[in-house]
Structures are given as C-alpha cells and as structure tokens.
Amino acid sequence: MLDIVVPDEVRANWQARTDGIVRYGEPVLRAKAQPVGRPGRETRELVDRMKATMLASNGIGLAAPQVGVLLRVIVYRGAEDDAPIRSLINPRIVSAKGEQTGEEGCLSIPLLHGEVTRPNAIIVKALDLLGRPVTVRADELESRVIQHEIDHLDGILYIDRANPSTLEWSEPADPDAKPEQEP
Ligand code: NI
C-alpha cells in the first residue's frame, strides 16, 4: 500500500466538495469489504445511492466503500455510448489476459492522476441484483474500471499499482466543477 501526502490546498478543495464520497485517508478505503449474503431491498437501495452519487460526480465507476459501506458491490458505466450503469454484487475476476497502460484517477482522491498497467481483457463472475449468477467479459477502459472498482473492495487503491513517477496533482479548481470521468 502506497501512502501519499495530500497537499494542503488539495485537502481544502476536497473538504469543500459536497458529493458524499469518502476521501483518501479514511480507514474504510483500506478495509476489506464483506460479501453480500443475498441481494435484497437494502442492496438495491445501496446500488441506487451509488449510481446517483456516481452520476452526480460524472464518474464512470464507484465501489461501495467509497460511500462508506463495506460490502462487495460496484457500479460502473458500460462501454457503449448510451450504456446503462451496471451493478455487480460479489464480483471476482476469474480470467485476465494481456496488458494495458493508461491514466487513472479516483473519486476518492480528487485531483491526482497516474499511469497504471493492468490486464487488458478480463472475465468476471458476480451476482446481479436478483442474486442470479452473471458472467461479464470486458476489455480496454471498461475492464480497467471494473478492475479499479474490485480493487476498492479489497482496500487497494490505484496509487498502489501506479507507476509512482507518473503520480501528479492537478491544480485545485472550483470544488463544484465536475471531474473528468473518474472511477
Ligand atoms: Ni476509485
């Protein structure tokens, strides 16, 4: 696990944000989330809250620990242009192939970016909101987002996997400005 120093002006910018997302430094982001026993009404309410939070922040993915809930639930935007937001319960990667390197950020660490190398194509098994088993195949950006979110469930942040020399803070701007497509 990589520890980073958050500059004062960045910390001030984070504190001015009102999106309800847990920020780097909160222990819940480093904890291991528990599997959902059987998805029910509470799971659907959690997913609805996560989708709304993600949309309000213009995000492309969000994991339950980022809203302070230690359950193995993620939401993400699909690859197609008008794809619905998808949710996965208890997701696990069962196959990973190839390699991709690209820039990542995180709604829990606003203003920081860095390059991360990850597998390119993955196969994920999970449950849907009705508790039925689903298999998801993804590559490129969609695969990157799913991997980033599943990492959150194990207390892993992209900074742990990033090439440290590429980690860079952007200039703090209007805290209400929408960040660009971050998981
Ligand atoms: Ni993230």
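Located above this text is the structure these notes cover.
Once a new chain begins, its residue numbering starts again from 1 and follows that chain's sequence as written. Thresholds applied to this predicted model are a pLDDT of at least 70 for local features of residues and 80 or more for the giving and counting of side-chain atom pairs; totals over whole chains, interfaces and linings are not thresholded and use all residues. In computing side-chain properties, one takes all heavy atoms of the structure into account and sets aside hydrogens as well as water.

A. Quick look at helix H2 (residues 41-56). Strands here are runs of E lasting at least two residues and helices are runs of H or I lasting at least four, both read from the DSSP assignment and numbered beginning at the N terminus. The length a helix should cover is 1.5 Å for every residue beyond the first. The terminal C-alpha atoms of H2, which comprises 16 residues, lie 23 Å apart, in line with the 22 Å expected from a rise of 1.5 Å per residue. Relative accessibility under 20% of the residue-type maximum defines a buried residue, over 50% an exposed one, and the middle range a partly exposed one, all with a 1.4 Å probe and only protein chains included. Three or more residues of H2 are buried, namely Thr43, Leu46, Val47, Met50, Thr53 and Met54. On an axial view of H2, the arc spanned by its buried residues comes to 130°, and they lie on one face. Looking at the buried side of H2, the elements it contacts are strand E1 (61-63), strand E2 (73-77) and strand E3 (85-97). Asn58, located one to two residues past H2, shows a positive phi value of around 60°. Of all possible arcs, the one meant is that of the directions from the helix axis to the C-beta atoms. In this analysis, two residues are considered to be in contact whenever any of their non-hydrogen atoms come within 4.5 Å of each other.

B. Quick look at the coordination of the nickel ion. A 2.8 Å cut-off from the metal defines N, O and S donors, relaxed to 3.2 Å for Na, K and Ca; water is not in the atom list, so some sites may appear incomplete. The protein atoms that coordinate the nickel ion are Cys106 (SG), His148 (NE2) and His152 (NE2), at distances of 2.1 to 2.2 Å. Read in sequence order, the donor residues for the nickel ion give the motif C-x41-H-x3-H. Highlighted residues: Cys106 in the loop between strand E4 (100-104) and strand E5 (112-118) and His148 in helix H3 (residues 140-153), separated in sequence by 42 residues. According to the relative accessible area criterion, Cys106 is buried, its value standing at 1%.

C. A look at the sheet that holds strand E8 (residues 168-169). Pairing between strands requires that DSSP locate at least two bridges from one strand to the other. As summarised here, the arrangement of the three strands in space is E4-E5-E8, forming an open sheet in which the pairing is antiparallel. Strands at the two margins of the open sheet, each flanked by one partner only, are E4 and E8. Two strands pair when backbone bridges link them, and E5 and E8 are joined in this way by two bridges, in the antiparallel orientation. In the strand pairing of E8, Leu112 is matched with Trp169. To get an axis, fit a line to the C-alpha atoms, keeping to the stretch in contact for a helix; angles then go from 0 to 180 degrees between the N-to-C directions. Across the face of the sheet, H3 comes into contact with E4 and E5 while running at roughly 65° to E4.

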